[in-house]
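Below, each chain spelled out in residue letters.
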Amino acid sequence: MQVHENYPLKSLNTFGLPALARYFAAVRSIGELQELLASYRSGPKLILGGGSNVLLTKDVDGLVVKNEIMGITKTGEDEDVVYLRSGAGENWHSLVLYAINNGLGGIENLSLIPGNVGASPMQNIGAYGVEIKDVFHELTAFHLEEKTNYTFRAKDCAFGYRESVFKNKYKGQFLITDVTFRLAKRPVFHTEYGAIRQELEKMGVSQPGLQTISQAVINIRSSKLPDPKQVGNAGSFFKNPSVPAETFELLKSSFPGIVGYTNADGSVKLAAGWLIEHSGPPEGGSWKGYRDGDAGVHAQQALVLVNYGNASGAAIYELSGRVMQSVEEKFGVSLEREVNIL
Ligand SMILES: Cc1cc2nc3c(=O)[nH]c(=O)nc-3n(C[C@H](O)[C@H](O)[C@H](O)COP(=O)(O)OP(=O)(O)OC[C@H]3O[C@@H](n4cnc5c(N)ncnc54)[C@H](O)[C@@H]3O)c2cc1C
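The structure reproduced in this document is the subject of the present report. Everything quoted here is computed from the prediction, not taken from an experiment.

## Quick word on the packing of helix 5 (residues 196–203) against helix 6 (residues 210–224)
- Closest axis-to-axis distance for the helix 5/helix 6 pair is 9 Å, and the angle between their directions is 105 degrees. By the angle between their directions, the pair helix 5 and helix 6 is classed as roughly perpendicular. Together, I196, E199, L200 and M203 of helix 5 and T212, I213, Q215, A216, V217, N219 and I220 of helix 6 make up the contact between the two elements.
- Residues belonging to the contact of helix 5 with helix 6 are distributed by class as follows: seven nonpolar, three polar and one charged.

As structure tokens, then:
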């Protein structure tokens, strides 16, 4: 394991931001992590997976650890499910393909989400009606100060919408080393979300299976979301905010086109993209396609902020603040950033 000084992180974050790490190392095992931590008095300033949900607003004055702990193993099974343990450094989509190729269901709707397995429970990633919490069994996390391993079951993780204890209570305290998923031998398909059914029809599929659902999701995502290889971004920059049902009714009377979905608890989740699209910069015009230097709002997806090339993380952060303020002023609704800010 090599420790680098003043290491460029530009190729390691999907925004393509040019921050430097004072020290940088990639670890491939807990042993390597322990060896690394033994030589630093203070713990890592940042744990990095695929860098697809971070906004680096400045250089990192400390140690950055890239998690490259690999390996996928079957740890158990019963009549209905297989327990699949994956190293945190495995690419998320590769794990999805591994599951599909082995006939295991549960994560096919999460195809093509960028990033690595380790961040998936931290973020409780989700798409097309499925979240990690639905298939999560347990994870192992290494406490960076105590230097011991802990096992977390679902009840310990406090999963919420793009939330878990690792983003809140235990922020910065643990490095997730592996995650075990509970995958179905006889999968139940979720095709009722987004445009999956229409896409399957377009593909000429009448009997959907793991492979075809995954392909439908891939097709939809590729046509809707900007590819970070073409233009720097971190997917949805903001969360969809929830408001009480009465607030939604009030908003609807003033803004009849407002988009919202009723949550299980009766509150309403508003489409943040719609709110952004229908507010706008103070100088007039639309946020959609807005550009200030190389920082911008994507022309097709107002929820996605982009780096057209040479924007700084600070400029993107500042733009996100302006978007939030305009939504607050127009609708009285506070947006929250989904992306992890550093
Ligand atoms: C084009 C695009 C589309 C996207 N679509 C979706 C989507 O549909 N649904 C969705 O939920 N997300 C989506 N995302 C966001 C992103 O893919 C997920 O949040 C993903 O889980 C991030 O994984 P990562 O490995 O890149 O995490 P990173 O960006 O490297 O890290 C994210 C956070 O997790 C922490 N972290 C990472 N690994 C570990 C670890 N092993 N232990 C402890 N902490 C860790 C980091 O410190 C950081 O705070 C999208 C992103 C992009 C660029």
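## Brief notes about the environment of S286
- Residue placement: S286 occurs in the loop between helix 8 (272–277) and strand 17 (291–292).
- Put simply, S286 and A299 are 13 residues apart on the chain and 9.7 Å apart in space, counted from C-alpha to C-alpha.
- Aside from chain neighbours lying at most four places away, what touches S286 is E277 and P281.
- Polar contacts involving the side chain of S286 include one to the main-chain amide nitrogen of K288, which spans 2.9 Å.

## Considering the pairing of strand 12 (residues 174–184)
- Burial within strand 12 is extensive, with nine of its eleven residues counted as buried.
- Two strands pair when backbone bridges link them, and strand 7 (residues 81–87) and strand 12 are joined in this way by seven bridges, in the antiparallel orientation. Each bridged residue has a counterpart across the sheet, and for V81 the counterpart in strand 12 is A184.

Here is what the cut-offs are and how they apply
- Residues numbered from 1 in each chain as written.
- Predicted model: local features only at pLDDT ≥ 70, side-chain atom pairs only at ≥ 80, totals over all residues.
- Heavy atoms only, no water.
- Axes fitted to C-alpha atoms, helices over the stretch in contact; angles between N-to-C directions.
- Helix = DSSP H or I, 4+ residues; strand = E, 2+ residues; numbered from the N terminus.
- Parallel < 35°, antiparallel > 145°, perpendicular 65-115°, else oblique.
- Contact = heavy atoms within 4.5 Å.
- Nonpolar A, V, L, I, M, F, W, Y, C, P; charged D, E, K, R; others polar.
- Polar contact = N/O pair within 3.5 Å; in protein donor to acceptor, adjacent residues only side chain to side chain.
- Buried < 20%, exposed > 50% of the residue type's maximum accessible area, 1.4 Å probe, protein only.
- Pairing = 2+ DSSP bridges.

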